[in-house]
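The residues making up each chain are set out below.
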Amino acid sequence: MTTTTPSAPLSPLEELAYAHRPSQLTVLADLVQMLSGVPAVTQLLVRGSLATGTADRLSDVDLVVAVRAERLLALMTSLDAVMSTEFGALLPGWRDTIVADLGGAGFVYLLPHDGHLLQLDLYLCPDSAVDALRRRIGPRLLWQETHPHTGPDAGAQVELAAELARTAAAPADCSTLLVQAMVLHAMLRKRVLRGQEYIAYGLLHQLHETCRDVVRTVLVPHSRHHGWYHLPDEVGRTAIGRECLAELTEALSGPPVPTVAQADQALERIVRLTERIAPRAVSSLSDEITAYRAYQSQEGPA
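Treat the numbers as computed from the prediction; the structure is a model and nothing was measured.

Points about the sheet that holds strand β3 (residues 94-95)
Working step 1: The strand order across the open sheet formed by 6 strands is β3-β4-β5-β2-β1-β6, and the pairing between neighbours is mixed. With one partner strand each, in any of the chains shown, β3 and β6 (140-144) form the two edges of the open sheet.
Working step 2: Here strand β1 (residues 41-47) pairs with strand β2 (residues 61-67) via 6 bridges, running antiparallel. Residue pairing for β2: V41 is matched across the bridge by V67.
Working step 3: Along the sheet face, helix α2 (residues 24-35) touches β1, β2, β4 (105-113), β5 (116-126) and β6 and points at about 10 degrees away from the line of β2.
Working step 4: Sitting on the sheet, helix α13 (residues 286-299) touches β4 and β5, and the angle it makes with β5 is about 120 degrees.

What follows is the structure, given as structure tokens:
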């Protein structure tokens, strides 16, 4: 990634402000440079703390990417390769289930940056949805194409919306759930460190749900039930299922708002359980899991 520098001499006050600018702005500048060169992209907007000037060292980069509707699905397909090649993304993108539905699809990446993992939230939406999105969440425009094109017909937009809904509803496999667990864990650690107890509580609950979903996906893949319903009856029929239920019971008996060390234990429980019942999923991500653990060990416990 490139490093941005001032284009002209600065006053002492400007030099002080520049020296203390959020380090994430370097990543944001590189993202804008790269994505503005993609023909399918029509606008780039920033939201969150970088847009409001309240960013700190742990802040995310929240970028909205407006895309020609007919090219959006193709860009989604290539996004992991782009983020890995251009920005060294540690994991495949996690399909964000937390972000509100703004007419597109959100993805979360963890990027090595300045000695720790930076959370990048990318929200891809058809350019026809940008005006409504801007009215709803008020992002700041960073870049837009010089010569706007004529949008797709209504039929194409309906087809895109249906495909986005279909992909969002597709069940996750164990490898995807492991990526989800690591991303949620990174989010949880940040909220614990910030003392944001309510958000930390919600993220810990999502980690427990991820643990449950690993068990369901492997042991009762064709269950007609969902969530926590009938879980003991379905899973507890075998010895390995009872072991999984014991792991879940241990997880649910912990504190509702964890320390960083307890959040780490929650992730390790998921990895350990998955290795027990779906070893190929862990094996397929062994390098990523090792690298993720290494970065988090550098951050240290709270």
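Comments concerning the packing of helix α10 (residues 239-252) against helix α11 (residues 260-277)
Working step 1: The geometry of α10 relative to α11 is characterised by a closest axis approach of 11 Å and an angle of 175 degrees between their N-to-C directions. Classified by the interaxial angle, the pair formed by α10 and α11 is roughly antiparallel. Of the residues in α11, those in contact with I240, E243, C244, E247, E250 and A251 of α10 are R269, R272, L273, R276 and I277.
Working step 2: Residue classes in the contact of α10 with α11 are distributed as 5 nonpolar, no polar and 6 charged.

Brief notes about the pairing of β4
Working step 1: With 8 of 9 residues buried, β4 is to be regarded as a mostly interior element.
Working step 2: Where β3 lies against β4, 2 bridges are found, and the strand directions are antiparallel. Counterpart to R95 in the pairing with β4 is F107.
Working step 3: In this sheet, β5 lies alongside β4 in antiparallel orientation, the contact comprising 9 bridges. Its bridge partner lying in β5, L110 is registered against Q119.
Working step 4: What sits between the antiparallel neighbours β4 and β5 is a turn of 2 residues, in which D114 has the positive phi angle 55 degrees.

Examining the packing of aromatic side chains
The relation between two aromatic rings is expressed through the spacing of the ring centres and the mutual angle of the planes.
Working step 1: Under the definition given, this model contains 0 aromatic pairs.
Working step 2: We note R212 situated over the ring of W228; from NZ or CZ to the ring centre the distance is 4.8 Å.

Looking at α11
Working step 1: Between its terminal C-alpha atoms α11 stretches 26 Å, which fits the 26 Å expected from 18 residues at 1.5 Å a residue.
Working step 2: For α11, every residue scored as buried is listed here: V260, A263, A266, L267, R269, I270, V271, L273, T274 and I277.
Working step 3: Where the residues of α11 are buried, they touch α7 (174-193), α8 (197-219), α10, α12 (279-284) and α13.

Thresholds applied
- Residues numbered from 1 in each chain as written.
- Predicted model: local features only at pLDDT ≥ 70, side-chain atom pairs only at ≥ 80, totals over all residues.
- Heavy atoms only, no water.
- Pairing = 2+ DSSP bridges.
- Helix = DSSP H or I, 4+ residues; strand = E, 2+ residues; numbered from the N terminus.
- Contact = heavy atoms within 4.5 Å.
- Axes fitted to C-alpha atoms, helices over the stretch in contact; angles between N-to-C directions.
- Parallel < 35°, antiparallel > 145°, perpendicular 65-115°, else oblique.
- Nonpolar A, V, L, I, M, F, W, Y, C, P; charged D, E, K, R; others polar.
- Buried < 20%, exposed > 50% of the residue type's maximum accessible area, 1.4 Å probe, protein only.
- Phe/Tyr/Trp six-rings, centres within 6.5 Å; stacked < 30°, edge-to-face > 60°.
- Lys NZ or Arg CZ within 6 Å of the ring centre and 35° of its normal.
- Expected span 1.5 Å × (residues − 1).

Purely geometric numbers; function is a separate question.
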